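Observations on chain architecture
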Amino acid sequence: MFVRNAWYCAGWDYMVTQGRNSIVARQLAGERVVLYRKPSGEIVAMEDRCPHRQAALSLGAKEGDSLRCMYHGMKFGPDGQCTEVPGQASIPARACTRVFPVVERDNWIWVWMGVAEKADVALIPFAIGPGDPAWRIKTSHMHVDANYRLEIANLADLSHLAWVHQKSLGGDDAETRHQYTHIKSKVTTGERAIRTEYLIRAVPPPNFLRHLFPAEARFDLSFDITHTLPCTWVLHFQAFVANGASEGAPTGALIADTYTCQAVVPNNADSVEYYFSWGSRADLEFPGLSDLLRDVLDIAFLEDRHVLEAQHIRMKEKSNFPMVSILHDAGPSRMLRLLDEVLAGEAGSAFRPADTEAALT
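Residues numbered from 1 in each chain as written. Predicted model: local features only at pLDDT ≥ 70, side-chain atom pairs only at ≥ 80, totals over all residues. Heavy atoms only, no water.

The next subject is the overall build of the protein chain. When helices and strands are counted, the protein chain shows 5 helices and 18 strands. Taken against the 2.2 N^0.38 rule, which gives 21 Å for 361 residues, the C-alpha radius of gyration of the protein chain at 23 Å falls within 12% of a compact globule. Of all 361 residues assigned to the protein chain, the portion counted as buried reaches 50%. The contacts of the protein chain with a sequence gap of at least 6 include a subset with a gap of at least 24, amounting to 56%. (Helix = DSSP H or I, 4+ residues; strand = E, 2+ residues; numbered from the N terminus. Rg over C-alpha atoms; globule rule 2.2 N^0.38 Å. Buried < 20%, exposed > 50% of the residue type's maximum accessible area, 1.4 Å probe, protein only. Contact = heavy atoms within 4.5 Å.)

As structure tokens, this is what we get:
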């Protein structure tokens, strides 16, 4: 169900502090994980499960570099080894808990959920975080009660902006709707990522920005998306004043240069955590712009959540329902096929293309 040998985002770095009670519980790809910071600032990620009676270590207490289970007081070092059993002189050899490789990069916390020896920092996806001085990145977070494959499919198909997001990221006018439903993209497939590039030409600004421009204003919009397994989605979005060209790169004045970086993290088969951001290049920022960008993502992803949660319920009710494919399924099918290839590789089995037809169940 989940890729194991991969980095999973456990949230923004500011979510795990030096506070006495800053012990953070996560569920990543079905595994319970507890996060805390040592006095040095280094983050520890270990299984959120005491080996005694499976009590939650996230309900424990920090003691220096260690974490104490507050059920029977067993203390565990940052290497997962038990160092104390109150009332007992000897420590059982199996009194230890799993520790996961963890890295902080681009203000995200990354946890490796597979074989520790295979942890490769080169596999951490590219992102731009709020700590980058060249950008004004603003962050947010949302919980969604839907299978992560539905989120992957949703992100791989931006034609839905014409319908789900017509009041926010898209537009309810005929020009915008036509452009988003007739996208011609350049697609490059890698081992664990797909890059998609395309242009939307001579459209009004998205609905959430229309109040800032004259009614006749038209723009060429550039989308450069990298979608990486198990699931991060990074969009370099630029807006240019439309100059009437129908071919080639936009040549009008650049009025917006932004990045949105998004991580979809499966808790289990029925829910995900969604960590996302958006912001302008610093030299093109004006007061309130990046805050507006972040705020509209909160609105847009609520729009997505309504659709995906209802879809998830119906897919669980009728998992064998014969769904119909349409043109706009090309992106989701491509991304889910890549996911299934990696899953099959980890399972040591041959990938069957038919697997992707049931990909959203």
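Back to the text.
Take the confidence of the model for the protein chain next. Considering every residue of the protein chain, the mean pLDDT works out to 93; 96% of them sit at 70 or more. Contacts from residues 354-361, a stretch scored under 50 in pLDDT, to residues over four places away or in other chains number 20 contacts. (pLDDT = per-residue confidence, 0-100.)

Our focus in this paragraph is the nonpolar core. One recurring pattern in soluble globular proteins is that nonpolar side chains are buried together. Counting residues in hydrophobic clusters, the biggest one holds 84 residues, and the most contacted among them are Leu35, Trp108, Leu221 and Phe223. Ranked by residues supplied to this core, first place goes to helix α3 (residues 289-317) with 8 residues. Residue contacts for Leu221: discarding those within four places in its chain leaves Tyr180, Tyr198, Leu199, Ile200, Val203, Phe237, Gln238 and Ala239. Of all hydrophobic cores here, the second largest spans 15 residues; its members include Ile23, Val34, Val44 and Leu57. (Core = buried A, V, L, I, M, F, W, Y, C linked by side-chain atoms within 4.5 Å.)

Here we take up the sheet that holds strand β3 (residues 31-37). Within the open sheet, the 4 strands sit side by side as β2-β3-β4-β9. Their pairing is antiparallel. Where the open sheet ends on each side, the last strands, each with one partner, are β2 (24-28) and β9 (99-100). Relative to strand β4 (residues 43-47), β3 runs antiparallel, the two being bridged by 5 bridges. Paired with Tyr36 across the bridge in β4 is Val44. (Pairing = 2+ DSSP bridges.)

Another point: the pairing of β2. Here β2 lies mainly inside the structure; 4 of its 5 residues are buried. The pairing of β2 with β3 spans 5 bridges and is antiparallel. Pairing of Gln27 across the sheet is with Arg32, part of β3. Adjacent in sequence and paired antiparallel, β2 and β3 are bridged by 2 residues, among which Ala29 carries a positive phi angle near 50°.

What follows covers helix α1 (residues 148-155). Of all the 8 residues making up α1, 8 are buried; the element is thus mostly covered by neighbouring parts of the structure. Along α1, the residues that are buried comprise Tyr148, Arg149, Leu150, Glu151, Ile152, Ala153, Asn154 and Leu155. The backbone nitrogen of Arg149 lies 2.8 Å from a side-chain oxygen of the residue at the head of α1, namely Asn147. (Polar contact = N/O pair within 3.5 Å; in protein donor to acceptor, adjacent residues only side chain to side chain.)

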